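Below are the chains, spelled out letter by letter.
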Amino acid sequence: SYAIIGISGEKQARVTEVIVSAISPQAWMDGKIFAFSIVGLVNGLVWALSGIWVLMWLVPTVPGSLNPMTAVICVVYGLLGLGLYVALFAAIMATLKDFQSASKLQGNFFVIPALPVFFLEPVLASPEAGFAIAVSLVPFFSPMLMPMRVAMGQAAPWQIVVGLVLLAVSVWLMRKAAGTAMRVGMLMYGKDLSLPELVKLAKQD
């Protein structure tokens, strides 16, 4: 939400021309992604620490699979997932005049973070099944599903590594797409940059 409001506000204020005269569009977008990721991280830490405090009172024993290595894996997945979603929303907002002008197709991208919730029940029921493995490797789903399988002790090392690689590559590609969207879309007035146009331009960069 911070990324959506911040980027759309600056586009409507038409300060982009001044910004890109001093730094490259990619550098500007990288700064946005980093800053809004930090904001999201702070919010996440507050909720996480509150949850840990509650669990200390409600859960008398800790499962053996919950160890420092599990915590590290969860944190790394969480950070990469946060970066992926911030970059995604930054790329989308750079293609729009404002949030209200989003098409139905573009609007559907804003519900992607909620999609892993629909896979929680089958993954919890059979975390070692092929379906659970497959969906936990999907970059947009892995930040939630893979740590859950790791905490349950049902994720093989190769699955954890492959999931991290796919997620890291997705963050890099989405970051480049956001930079392209900023370079082209933020300088377009009177016409929104469509997603097919963004994909075409990203391939040319």
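Coordinates for the structure precede this section.
Not measured: the values here are computed from a predicted model. (Residues numbered from 1 in each chain as written. Predicted model: local features only at pLDDT ≥ 70, side-chain atom pairs only at ≥ 80, totals over all residues. Heavy atoms only, no water.)

Comments concerning the overall build of the protein
When you go through the protein residue by residue, the secondary structure sums to 10 helices and 0 strands. From first element to last, N terminus to C terminus, the protein shows the α and β order α-α-α-α-α-α-α-α-α-α. When the 205 residues of the protein are sorted by exposure, 37% land in the buried category. Across the protein, every contact between residues at least 6 apart in sequence was considered, and the portion connecting residues at least 24 apart equals 73%. Just so you have it, the protein exposes about 11400 Å², and 75% of that area is on carbon and sulfur atoms. (Helix = DSSP H or I, 4+ residues; strand = E, 2+ residues; numbered from the N terminus. Buried < 20%, exposed > 50% of the residue type's maximum accessible area, 1.4 Å probe, protein only. Contact = heavy atoms within 4.5 Å. Areas by Shrake-Rupley, 256 points an atom, 1.4 Å probe, with all protein chains shown as cover.)

Focus on a nonpolar patch on the surface
On the surface, a cluster of nonpolar side chains totalling about 700 Å² of accessible area is made up of Phe34, Ile38, Leu41, Val42, Leu45, Val46, Val75 and Leu79. Looking at the nonpolar patch, the elements that each hand over two or more residues are helix 3 (25-58) and helix 4 (68-94). Of all the elements, helix 3 adds the most residues to the nonpolar patch, at 6 residues. Within the fold, Ile38 resides in helix 3. (Patch = residues over 30% accessible without salt bridge, like charges linked within 9 Å, V, L, I, M, F, W, Y side chains within 5 Å. Salt bridge = Lys/Arg side-chain N within 4 Å of Asp/Glu carboxyl O.)

Points about the packing of helix 7 (residues 130-137) against helix 8 (residues 142-151)
Each packed pair of helices is defined by two parameters, the angle between the axes and the distance between the axes. One can describe the packing of helix 7 onto helix 8 by two numbers: an axis separation of 7 Å at closest approach and a directional angle of 135 degrees. For the element pair helix 7 / helix 8, the angle class is oblique. On helix 8, the residues that touch Ala132, Ile133, Val135, Ser136 and Leu137 of helix 7 are Ser142, Leu145, Met146 and Arg149. (Axes fitted to C-alpha atoms, helices over the stretch in contact; angles between N-to-C directions. Parallel < 35°, antiparallel > 145°, perpendicular 65-115°, else oblique.)

Looking at the side chain of Ser142
By the secondary structure assignment, Ser142 is in helix 8. Classification of Ser142 by relative accessible area gives buried; the value is 0%. With residues near it in sequence (within four places) discarded, Ser142 still touches Tyr77, Val135, Ser136, Leu137, Pro147 and Leu167.

Regarding the side chain of Ser136
Within the secondary structure, Ser136 is located in helix 7. From its side chain, Ser136 meets the backbone oxygen of Ile133 in a polar contact 2.9 Å long. A polar contact is formed between the side chain of Ser136 and the side chain of Arg149, at a distance of 3.2 Å. (Polar contact = N/O pair within 3.5 Å; in protein donor to acceptor, adjacent residues only side chain to side chain.)

Considering the pattern of salt bridges
In the structure shown here, the tally under the stated rule is 1 salt bridge. Arg175 is the salt-bridge partner of Asp30, the closest N and O atoms lying 2.8 Å from each other. With Asp30 in helix 3 and Arg175 in helix 9 (residues 157-185), the pair connects residues that are 145 residues apart, well separated along the chain. Asp30 gets classed as partly exposed once you look at its relative accessible area, which sits at 22%.

With respect to the nonpolar core
Ranked by internal contacts, the top residues of the largest apolar core, which has 32 residues, are Met29, Ile33, Leu88, Met146 and Ile160. Among the elements that line this core, the one with the most residues is helix 4, at 13 residues. Membership of the second largest hydrophobic core comes to 7 residues, among which are Val135, Phe141, Leu145 and Met148. (Core = buried A, V, L, I, M, F, W, Y, C linked by side-chain atoms within 4.5 Å.)

A short note on helix 8
Within helix 8, 8 of the 10 residues are buried, leaving the element largely enclosed by the surrounding structure. Looking only at helix 8, the buried set comprises Ser142, Pro143, Leu145, Met146, Pro147, Met148, Arg149 and Val150. Directly after helix 8, the chain includes Gly153, whose backbone phi takes a positive value near 75 degrees.

Comments concerning the packing of helix 4 against helix 8
Where helix 4 meets helix 8, the closest approach of the two axes is 9 Å, and the angle between their N-to-C directions is 175 degrees. By the criterion of interaxial angle, the relationship of helix 4 to helix 8 is roughly antiparallel. Where helix 4 approaches helix 8, its residues Thr70, Ile73, Cys74, Tyr77 and Gly81 are matched on the opposing element by Ser142, Pro143, Met146, Pro147, Val150 and Ala151. Class assignment of the residues belonging to the contact of helix 4 with helix 8 gives a composition of 8 nonpolar, 3 polar and no charged. (Nonpolar A, V, L, I, M, F, W, Y, C, P; charged D, E, K, R; others polar.)

Concerning the environment of Leu79
Within the secondary structure, Leu79 is located in helix 4. In this structure Leu79 comes out as partly exposed when scored by relative accessible area, which is 42%. Linking Leu79 and Ser37, residues 42 residues apart in sequence, is a C-alpha distance of 8.2 Å.

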